[in-house]
Amino acid sequence: MRQQNQSKKKVSLFITCLVDNFFPQVGESMVKVLRKLGVEVDFPVDQTCCGQPAFNSGFQHDAKALAKRFLSIFQDDNCYVVCPSGSCTTMVKIFYRELLKEESRGLELADRLASRTYEFSAFLTNVLHVEDVGASYSGKVTYHDSCHLLRELRIRDEPRKLIKSVKGIDFVEMNLHDACCGFGGTFSIMFPGVSISMLEEKIISIVESGADTIVSTDMGCLMHIEGAMSRRKIPVKVMHIAELLASEL
Amino acid sequence: MEIKKLEFKKQSSTALTDQNLRKALRNTTDRFRASRKRAYDELEGFEDLRNRAREIKKETIENLPIYLGMLEGNVIKTGGKVHWAQDGEEACRIIVEIARENGVRSVVKSKSMATEEIELNHALEEAGIKAVETDLGEYIIQLAKERPSHIIAPAIHKSKDDISRLFSEKLSIPYYTEPEQLTRVARERLRSEFLSADMGVSGVNFAVAETGTIVVVENEGNARLSTTVPRVHVAVMGIEKVIPRYGDLSIFLPVLVRSATGQKISTYVSFITGPKRKSDMDGPEEFHLVIVDNGRAKILASEETRESLYCIRCGACLNICPVYRQVGGHSYGWVYSGPIGAIITPQLLGAEKAPELPFASSLCGACKDVCPVKIDFPKVLLELRKRVVEGENKDGRGGEAGLLERLLVRLWRISMESKTAYSLLSTLSYFLQFPWLSKNRKLSSLPYPFSEWTNDRDFPAVAKIPFRKRWKEISKI
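Here's a quick rundown of the structure. (Residues numbered from 1 in each chain as written. Chains lettered and ligands numbered in written order. Predicted model: local features only at pLDDT ≥ 70, side-chain atom pairs only at ≥ 80, totals over all residues. Heavy atoms only, no water.)

## Things to note about the packing of helix 2 (residues 24-36) of chain A against helix 22 (residues 467-476) of chain B
Each pair of packed helices can be described by the angle between their axes along with the distance between the axes. Which entries qualify depends on this criterion: Here, axes are lines fitted to C-alpha atoms. For helices the fit covers the stretch in contact, and angles between N-to-C directions go from 0 to 180 degrees. The secondary structure listing takes helices from DSSP runs of H or I that are at least 4 residues long and strands from runs of E that are at least 2 residues long, numbered from the N terminus. Any angle between 65 and 115 degrees counts as roughly perpendicular, while under 35 counts as roughly parallel, over 145 as roughly antiparallel, and the rest as oblique. Rotating anticlockwise by less than a right angle from the far helix to the near helix defines a left-handed crossing, while the corresponding clockwise rotation defines a right-handed one. Whether two residues are in contact is decided by their heavy atoms, any of which lying within 4.5 Å being enough. Any residue that is not Ala, Val, Leu, Ile, Met, Phe, Trp, Tyr, Cys, Pro, Asp, Glu, Lys or Arg is counted as polar, Gly included; the first ten are nonpolar and the last four charged.
Where helix 2 of chain A meets helix 22 of chain B, the closest approach of the two axes is 9 Å, and the angle between their N-to-C directions is 30°. It follows that helix 2 of chain A is roughly parallel to helix 22 of chain B by the angle criterion. Like other packed secondary-structure pairs, helix 2 of chain A and helix 22 of chain B cross with a definite hand, here right-handed. Two secondary-structure elements touch here, helix 2 of chain A through Pro24, Gln25, Gly27, Glu28, Val31 and Arg35 of chain A and helix 22 of chain B through Phe467, Arg470, Trp471, Ile474 and Ser475 of chain B. Tallied by class, the residues present in the contact of helix 2 of chain A with helix 22 of chain B amount to 5 nonpolar, 3 polar and 3 charged.

## Some words on the sheet that holds strand 7 (residues 232-238) of chain B
Residues and elements named next belong to chain B. Quick note on the threshold: Criterion used throughout: strands pair if DSSP finds at least two bridges between them.
What the 6 strands build is an open sheet, ordered 1-10-7-4-2-3; its pairing is parallel. Sheet topology places strand 1 (81-85) and strand 3 (130-133) at the edges, where each strand pairs with a single neighbour. Strand-to-strand twist across the sheet, computed as the mean angle between neighbouring axes with direction ignored, equals 20°. In terms of strand pairing, strand 7 meets strand 10 (residues 286-292) through 7 bridges, oriented parallel. Counterpart to alanine 235 in the pairing with strand 10 is leucine 289. Sitting on the sheet, helix 5 (residues 88-101) touches strand 1, strand 4 (199-202), strand 7 and strand 10, and the angle it makes with strand 1 is about 145°.

## Considerations on helix 9 (residues 157-164) of chain A
Stated formally: Using a 1.4 Å probe on the protein chains alone, a residue whose accessible area is under 20% of its type maximum counts as buried, one over 50% counts as exposed, and one in between counts as partly exposed.
Listed as buried for helix 9 of chain A are Glu158, Pro159, Arg160, Leu162 and Ile163 of chain A. Its buried side turned inward, helix 9 of chain A meets helix 7 (120-127), strand 5 (136-143), helix 8 (147-152), strand 6 (167-171), strand 7 (213-216) and helix 13 (241-245) of chain A.

## Here's the deal with the interface of chain A and chain B
Put simply, the test is: As used here, buried area is the combined drop in accessible area, with a 1.4 Å probe, of two parts when they are placed together. Salt bridges are defined as contacts in which a side-chain nitrogen from Lys or Arg sits within 4 Å of a carboxyl oxygen from Asp or Glu.
Listed per partner, the contact involves 69 residues of chain A and 70 residues of chain B. Summed over both partners, the interface of chain A with chain B buries about 5,900 Å², with 61% contributed by carbon and sulfur atoms. For the chain A face of the interface with chain B, the top three residues by lost area are Phe59, Phe191 and Arg231 of chain A, together amounting to 11%. Along the contact surface separating chain A from chain B lie 12 salt bridges.

## Things to note about a nonpolar patch on the surface
The condition is simple: Patch definition: residues above 30% relative accessible area lacking any salt bridge, with like charges linked at up to 9 Å and the nonpolar side chains Val, Leu, Ile, Met, Phe, Trp and Tyr linked at up to 5 Å. To be clear on the numbers: accessible area is Shrake-Rupley with a 1.4 Å probe, and residue cover counts the displayed protein chains and nothing else.
On the surface, Leu404, Leu407, Leu408, Leu411 and Ile414 of chain B cluster together into a nonpolar patch covering about 520 Å² of accessible area. By the secondary structure assignment, leucine 411 of chain B is in helix 19 (residues 403-416).

## Considering the pairing of strand 3 (residues 80-83) of chain A
Residue and element names in this part refer to chain A. The alternating pattern of strand 3 places Tyr80 and Val82 on one face and Val81 and Cys83 on the opposite face, and all of these are buried. Bridging between strand 1 (residues 10-13) and strand 3 involves 3 bridges; their strand directions are parallel. Within the sheet, the bridge partner assigned to leucine 13 lies in strand 3 and is valine 82.

## Focus: empty space enclosed by the protein
Residues and elements named next belong to chain B. Using the following cut-off: For each structure, a 1 Å grid was placed over the protein atoms alone; sets of points admitting a 1.4 Å probe that cannot get out are labelled cavities, open sets with protein on both sides within 12 Å along at least five of seven lines are labelled pockets, and lining residues have an atom within 4 Å of a point. Grid points are joined across faces, edges and corners, and a volume is the space filled by probe spheres set on the points.
Under the counting rule described, the total for this entry stands at 5 cavities of 30 Å³ or more. Its boundaries defined by the atoms lining it, the largest cavity holds a volume of some 120 Å³. If you go around the largest cavity, you meet 17 residues; those closest to its centre are Cys321, Pro339, Ser361, Ser362 and Cys367. Those elements that provide at least two residues to the lining of the largest cavity are helix 15 (322-327), helix 16 (338-349), helix 17 (366-370) and helix 18 (377-390). Here the element with the most residues in the lining of the largest cavity is helix 16; it accounts for 3 residues. By volume, the second largest cavity is sized at about 90 Å³. Lining the second largest cavity are 14 residues, with Cys311, Cys314, Cys317, Cys371 and Pro372 positioned closest to its centre.

Below you can see the structure in the form of structure tokens.
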């Protein structure tokens, strides 16, 4: 990416379709935190979905069309692209290259985009070099490693550092912190039985940790975890890391 | 040997109701995982070994005909015979023939996934030859007339009580409850089989091209007996088991054993180079190596999925896989289970026989993280999903995906390709959800297929004002 001198860093928000339609407060929290850190934030209004659901379901032809559309929207090389999801970031950063490997122009664009696209927590720690955003939250908090963030993007410590820096937090690591919660997109609907038994192990882990709040970086996982906890009336609060970091800012 | 279409969803649903099975799976996979982790942590440079193992596998698989040719030449040079089999049937025919030529009436077998794959026991039985599995787990499975449910622990799904019952019934012995008693019975029975068998059949963990040596890794000593006591030894391997050099074993042995059981080295490692020589005290008079393709050449031809052939059958991916942990090996329907089964079964049998398997994963990638040769499981799974959907046509028509699914994806894509349509869909969803919205602002009972979610989980409500609409306000601040 072109050097942004010492001037203000610019971010194009990549708001996932889940966040846009179901959890808009997560997007708002991101904006709040980024602005607090002196970043100029923009939202390219033409964006829709990055194509991951189709890609993961084997419909690569359809995913490719959406990938190309996405590339044309996030073309400005002077902006970082920041996303509140490890999974959607992985799609853009890693799988677009896979999807477009036979098209030289597409591949070049995908490469350039990949180099300036970041998951939210990784952007704060690795680009802005911030660990304490100045938030405060009182509670016992545990963290769920979302699979794509952990295993495709290799981000493990970054979100933990951010969480631990929030004033008033008692951080506790749960037993199966890095085990999949069983969401997996369409997997949760194609194989509901398997998905739920994976989720049940995860919930046991959360409850046993004694935490009153579970934080993660992906609304997919959190929607899944919350869906079962709310049905079972388990009083653990679910929070996206952006919401936590925006607390009392 | 006609294989029916495998039904993961159906079989896994049954498995999920079996509490004993799930408990056994949790206990054993936890134990294996902990041991692997300890073994991984204590060996400095394990990561380098894995990288090196992957490189060697890559080099071998990319030049497979050369190394297989070298292996053949060296096995012959040391007095062994080499047989090539295109498929399972041919492999069985060859082995039955060797048995007949040698007047073999009984065979002892050591654990081998390749012979499970070709259903050798069945073929031997049909030819009137008795075949006895001598690995304890495999012996249990044979008595129960089942398939193994784990690559290295074939009877992982059976509890001690299951085994007590099975032994009492099939071996006409009292209902023993102590593992020691059960093991003693098996040992006594098997001992006489070893002594009376005319032929021993083993698998191959590694076949060294440069020396013609086959290597067998085990913990019970049964493979060592099977390969040395009977007059004839037949080793069966898939084409991918070859490695170039003897020295490569210093990399593969530690990564295999540590990944599989967390041991530094297994109790026995046998290096077998040809039949007994004049100066040898014991060993078989004949050594046959059967090299089986059975669908592997097809995998070799595909650049996208070729790395499936790097697998050294350690089972680490099964132990770490959260899906395998819930449903066990039999849900995968064929010989190989867990993540490796999900990628090689559809390739060996054809996608049309196992269209559900590439989807039977949440793509969490834990398998890739533990794989000793770093197979990129998610990448291969995604490629196989594409093949299931597209079939032979690259334009997305003609695969296994149903018309309705195709139509839904197309409609979804069209609505995602335009900001207006996307926005419309979003508004429409907001209003459409009202009949299902419960008091706590959740969707708790949606119609099919969404009911597959809401039967056990709440679904969040669509927001009244999505982020894109809020942006107008936010951007002004």
